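Examining the three-dimensional arrangement
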Amino acid sequence: MDSDKLLIFPKFDSKIIYLGIFIACSLFRRLIPTIIEETFPGADLGENKEVIINSYFDVICNFTGDILAGIFVAINSILKRKGNNKITTHEGELTQKSMRRKFFFYLPLIAFIDIIAQLCLFNQAYLNNDEPNEKPPIKPEDLYFVVMIDILSRYLFSRFILKSYFYKHHILSIILTFIGFVPLTIFNIMDIFMKDKDDAHLRKAIIFLLLYIGMTIIYSLEDVLNKICLNQLLIRPYELMFYKAVFQIVVIIPLTIFMAVFYSKNFTEHMSKIHLIGRFLYRFSFIISNCFRTWSLITIIELVNPNHLSVLKSSEFAVLFVFISIFSKIKKEEVDSYIYYLGTFCCVISLIAAAIHNEMVIINKCGLLKCTNYYKIEVKSNSGININYEENDEEQINRTQDSLINDSSQED
């Protein structure tokens, strides 16, 4: 290891594959439905007036994507049954009872938190329920600054729930993330609330914004709880997805009955207006891409600490921002030029911050190197390297959390 280098670029490992899957699925989840909307003109897929019904089907699509993971659960169960010749001991029975208690605590809790986040979106639909011809008070794709809230909330939940330790490069990453999003946040909020001074519209915009931010924070909490569940129950990501969906059935059924009782007429009108083939392809593509996106997300949570998911959210933001910007240009939609400039600046800074946090790039100055996993691995595996560090540095080095790039080690 060259101690004179200012920047060190560790080699990528297999975890980068899941990053690629996550980013690709996030893009496909937006790209394919957009292509379908353009392929089937008049299908009224994206801006159908029945926003309540559309929101209900959004919830059902998320549920369906998770329940489809049961296919892999069934295959795994069959394979285990064929190769299970072990004799269960008394200690094994006690362990199974303990795991069962944790299972019926964590999985319903995660399922409840996830459905609450989804119902935040469902409740947003009621903001336009009385005036279906009115445009939404805020477009979700315009809430760029919420990404910063997502990233920071993951840091905080990881710190206080998982007791994750933040080192110098983590703190630098948080500061850079904040710097990158502050200008966009200020102008984004001004753009949202200064365009229309109508009090009713402003109230709707505030409620919508609070619901969206609440949903973002709840999803961040869910990912941290997913980490606890994966560690303590020793289940796989696809199992977590499936069992979470199973516990959500107790909410999905009453919600479906509610929609059937109070919106059956609206549903009939809705079906008569849309392009059925287009709508089916729209929903099917979303379910498949969302299923793989969730699987890759939970897999990375299994491999690393959730506060390292900043690289996912930053990369996702950058890719989707480029996609939305290009699409807006093609559609010749009016977008303020400052959004492009500030969004580009935010993308670059947030990606740099995520790369530093996840040790894709290591700064070899101001003690930023010594507490990285890369340094820990180099010190232990290369005895011939002469690197000076204080005695208490060794304890901190051993406490370093897994990065997205370096080989994973056991957590405390």
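Going by the structure above, here's the rest.
Residues numbered from 1 in each chain as written. Predicted model: local features only at pLDDT ≥ 70, side-chain atom pairs only at ≥ 80, totals over all residues. Heavy atoms only, no water.

A few words now on the state of the cysteines. Per the counting criterion, the structure on display carries zero disulfides. Free of any disulfide, Cys-291 has its nearest cysteine sulfur in Cys-25, 8.8 Å distant. For Cys-291, a relative accessible area of 12% translates into the label buried. (Disulfide = S-S within 2.5 Å. Buried < 20%, exposed > 50% of the residue type's maximum accessible area, 1.4 Å probe, protein only.)

Let's shift gears to the environment of Phe-104. Here Phe-104 is to be found in helix H4 (residues 90–124). For Phe-104 and Phe-247, which are 143 residues apart along the polypeptide, the C-alpha to C-alpha distance reads 9.7 Å. (Helix = DSSP H or I, 4+ residues; strand = E, 2+ residues; numbered from the N terminus.)

The next thing to look at is the packing of aromatic side chains. The description of an aromatic ring pair uses the distance of the two centres, along with the angle that the planes make with each other. Under the criterion given, the structure shown has 13 aromatic pairs. Taking the centre distance of 5.3 Å and the plane angle of 65° together, the rings of Tyr-56 and Phe-57 count as edge-to-face. With a relative accessible area of 11%, Tyr-56 lands in the buried category. Centroid distance Phe-103 to Phe-247: 6.0 Å. Interplanar angle 55°. Geometry classified as tilted. Placement of the pair is Phe-103 in helix H4 and Phe-247 in helix H8 (residues 237–262), with a sequence separation of 144 residues. (Phe/Tyr/Trp six-rings, centres within 6.5 Å; stacked < 30°, edge-to-face > 60°.)

Among the secondary structure elements, Asn-290 is positioned in helix H10 (residues 276–303). In terms of polar contacts, Asn-290 uses its side chain to reach the side chain of Arg-29, at 2.7 Å. (Polar contact = N/O pair within 3.5 Å; in protein donor to acceptor, adjacent residues only side chain to side chain.)

Glancing now at the packing of H8 against H10. Two numbers describe how H8 lies on H10: the axes approach to 8 Å, and their chain directions differ by 120°. With respect to H10, the element H8 is oriented oblique. For the pair H8 and H10, the sense of crossing is right-handed. From H8, Pro-237, Tyr-238, Leu-240 and Met-241 reach across to H10, where they touch Cys-291, Thr-294, Trp-295, Ile-298, Thr-299 and Glu-302. Looking at the contact of H8 with H10, its residues break down into seven nonpolar, two polar and one charged. (Axes fitted to C-alpha atoms, helices over the stretch in contact; angles between N-to-C directions. Parallel < 35°, antiparallel > 145°, perpendicular 65-115°, else oblique. Left-handed = near helix turned anticlockwise from the far one by under 90°. Contact = heavy atoms within 4.5 Å. Nonpolar A, V, L, I, M, F, W, Y, C, P; charged D, E, K, R; others polar.)

Turning to unusual backbone geometry, a few remarks are in order. Residues other than glycine seldom take positive phi values, yet Leu-234 does so here, at roughly 55°. Tracing the backbone shows Leu-234 in the loop between helix H7 (199–233) and H8. Using a relative accessible area of 66% as the deciding quantity, one classes Leu-234 as exposed.

Bear in mind that shape data such as this cannot, by itself, settle questions of function.
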